[in-house]
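# Per-entry structural report
For reference, the chains in residue letters:
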Amino acid sequence: MKRVLILGGAGAIGSRAIGAALACSAAHEIVVADLSQDAAAQAAAHHPGRAVPLQLDVFDEAALRTAMRGVDAVLNCAGPFFRTSLPCLRAAIAERRIYIDVCDGWDTTRDALALDGAARAAGIPAIIGLGASPGITNLLARIAAAELDVCDEIVTGANLDPGAAVGGHGLPGRAVHWLRQLGGRVEVWRDGRRAPVDALQALRLALPGTGARLLHTIGHPEPLTLPRTLTGLKHASHVLALDRAEAALAEGLSERVSAGRLTVERAAAMVENPGRRPLELRLRVLAARCGRRPTDTPPLFAYATGERHGVRRRVAAWITRLPPGGAAGAAASALAVGMELALLHRLDRTGVSAPEDIVDPHVFFEEFAASATPRGTAPSPLIQIASEPEVTA
């Protein structure tokens, strides 16, 4: 039986990942690592005899590598991931340990994939971004694209609080991460290549089976990783269902950071503490309160356009329910499924991969469904697919 190290094990995702990992057949014991010894001990105490706490600073390379030597796999739930993913991945490669994280930074993912050769040489699989989004969204994109003979555009999306599933403790990780996703310039896939665009561009998307929705583009890994697997893809982007107040706050803070009127850290403080926002921004957010996040948009979805039998069609694939804990629970369960597949040698490649490069979506969702189905209830379809002809004006 295998030992697994969970970094950020007392955080929103990490604490749920303990139970999700222990529910799998491959994991026997979990090392719950956290910057706070007390928090690690409290999280481990919920699983007596099968989880042990460890105080660990992931930026202490020597301590991190020592912790990895006693385990078979590493699950990184310690945010913010644009700061933690690369040092943790490098340490796992050096120690030749299976590595999986839930990194959702588009630029960090790009840099992590550049370590593919080193991971191959070490003989380990490393999966970057196997959480709710990215992760489940990537695999939904594969399912949607498979309904087409030729897929030329993918839009992945989430109807989730953008900061809710970020691991770690306290303000900086979650809020700075939120600003990085929703503010400034980000990269998408346009005309078959990476292209910088402004975040928060409004996009009205007609989702087959659910109807038209006004969504906003944000910075995320999916548009940059999906073209690696879906060859011939011309366009890819990622969107978020924001209510008007959330969009107004993100736009206002992003404008101030870009103009040099705020540091990212001060802007992050305003995300968490409305009282720190200037009056002008508070009024702007207040005026937008009348709009709410569309609750009937699926929590995680993918939209594909292309051709089927010579006819232009659009396809939507979405998940119908999440495990307990919402976005954090979904990320934890996704990590656990990836861990199980890796430990049981059910992945077909080594090196650094995005989820869609290495995980069979049908195998994944078959395993994932158990965590999203309450005990004592009859299982219902986890994934819905809808397709319709593309209508041009």
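Conventions and cut-offs
- Residues numbered from 1 in each chain as written.
- Predicted model: local features only at pLDDT ≥ 70, side-chain atom pairs only at ≥ 80, totals over all residues.
- Heavy atoms only, no water.
- Salt bridge = Lys/Arg side-chain N within 4 Å of Asp/Glu carboxyl O.
- Helix = DSSP H or I, 4+ residues; strand = E, 2+ residues; numbered from the N terminus.
- Buried < 20%, exposed > 50% of the residue type's maximum accessible area, 1.4 Å probe, protein only.
- Pairing = 2+ DSSP bridges.
- Axes fitted to C-alpha atoms, helices over the stretch in contact; angles between N-to-C directions.
- Contact = heavy atoms within 4.5 Å.
- Polar contact = N/O pair within 3.5 Å; in protein donor to acceptor, adjacent residues only side chain to side chain.
- Core = buried A, V, L, I, M, F, W, Y, C linked by side-chain atoms within 4.5 Å.

## Thoughts on the pattern of salt bridges
Scanning all chains against the criterion turns up 14 salt bridges. Here Glu 61 makes a salt bridge to Arg 65, at a shortest N to O gap of 4.0 Å. One end of the pair, Glu 61, and the other, Arg 65, are both in helix α3 (residues 61–69), four residues apart, so they sit about a helical turn from each other. Under the relative-accessibility criterion, Glu 61 is labelled exposed at 52%. Given the relative accessible area of 24%, Arg 65 is considered partly exposed. Among the ionic pairs, Arg 312 bridges to Glu 390, the shortest N-O distance being 3.0 Å. Remark: Glu 390 occurs in the segment after β16 (383–389) and Arg 312 occurs in strand β14 (residues 311–319); sequence separation between them is 78 residues. Overlapping salt bridges, with partners in common, bring together Glu 61, Arg 65, Arg 69 and Glu 95 in one network.

## Quick look at the sheet that holds strand β4 (residues 73–76)
To summarise the sheet geometry, strands pair through backbone hydrogen bonds and adopt either a parallel or an antiparallel arrangement. Pairing in this open sheet of seven strands is parallel, and the strands run β3-β2-β1-β4-β5-β6-β15 from one edge to the other. Across the chains shown, the open sheet's two edge strands, defined by having one partner strand only, are β3 (51–55) and β15 (351–353). Geometrically, the sheet is characterised by an average inter-axis angle of 20° between neighbouring strands, direction not taken into account. Its contacts with the sheet put helix α2 (residues 37–45) on β2 (27–34) and β3, and the angle it makes with β3 is roughly 175°.

## Some remarks on the environment of Gln 55
For Gln 55, the location among the structural elements is in strand β3. Sequence separation of Gln 55 and Ala 41 is 14 residues, and the distance between their C-alpha atoms is 8.8 Å. Each residue touching Gln 55, except ones within four places of it in the same chain, is listed here: Asp 34, Leu 35 and Gln 37. Among the polar contacts listed, one links the side chain of Gln 55 to the backbone oxygen of Leu 35, at a separation of 2.9 Å.

## So, the nonpolar core
One broad rule of soluble globular proteins: the nonpolar side chains tend to lie buried together. In terms of nonpolar packing, the biggest core is built from 106 residues, with Leu 7, Ile 30 and Phe 364 touching the most fellow members. Ranked by residue count, the leading element in this core is helix α13 (residues 326–343), at 12 residues. Among all residues touching Leu 7, those that are not within four sequence positions of it are Ala 33, Leu 56, Val 58, Leu 64, Val 74, Leu 75, Asn 76, Cys 77, Ala 78 and Cys 88. Counting residues in each nonpolar core, the second largest holds 11 residues, with Leu 207, Leu 215, Val 239 and Ala 316 among its members.

## Quick notes on the pairing of β14
For strand β13 (residues 300–308) and β14, the ladder comprises eight bridges, and the chain directions are antiparallel. Paired with Phe 301 across the two strands is Trp 318, which belongs to β14. The pairing of β14 with β16 spans seven bridges and is antiparallel. Within the sheet, the bridge partner assigned to Ala 316 lies in β16 and is Ala 386.

## Details of unusual backbone geometry
Pro 80 follows Gly 79 through a cis peptide bond whose omega is 0°. The residue after Ser 133, namely Pro 134, is reached through a cis peptide bond having omega 5°. Relative to the helices and strands, Pro 134 is located in the loop between β6 (125–127) and α7 (136–145). With phi around 55°, His 309 is a residue other than glycine that occupies positive phi space. Tracing the backbone shows His 309 in the loop between β13 and β14. Look at His 309 and you get exposed, because its relative accessible area is 65%. A positive phi angle, near 60°, is found at His 345, a position not held by glycine. Turning to its location among the elements, His 345 is positioned in the loop between α13 and β15.

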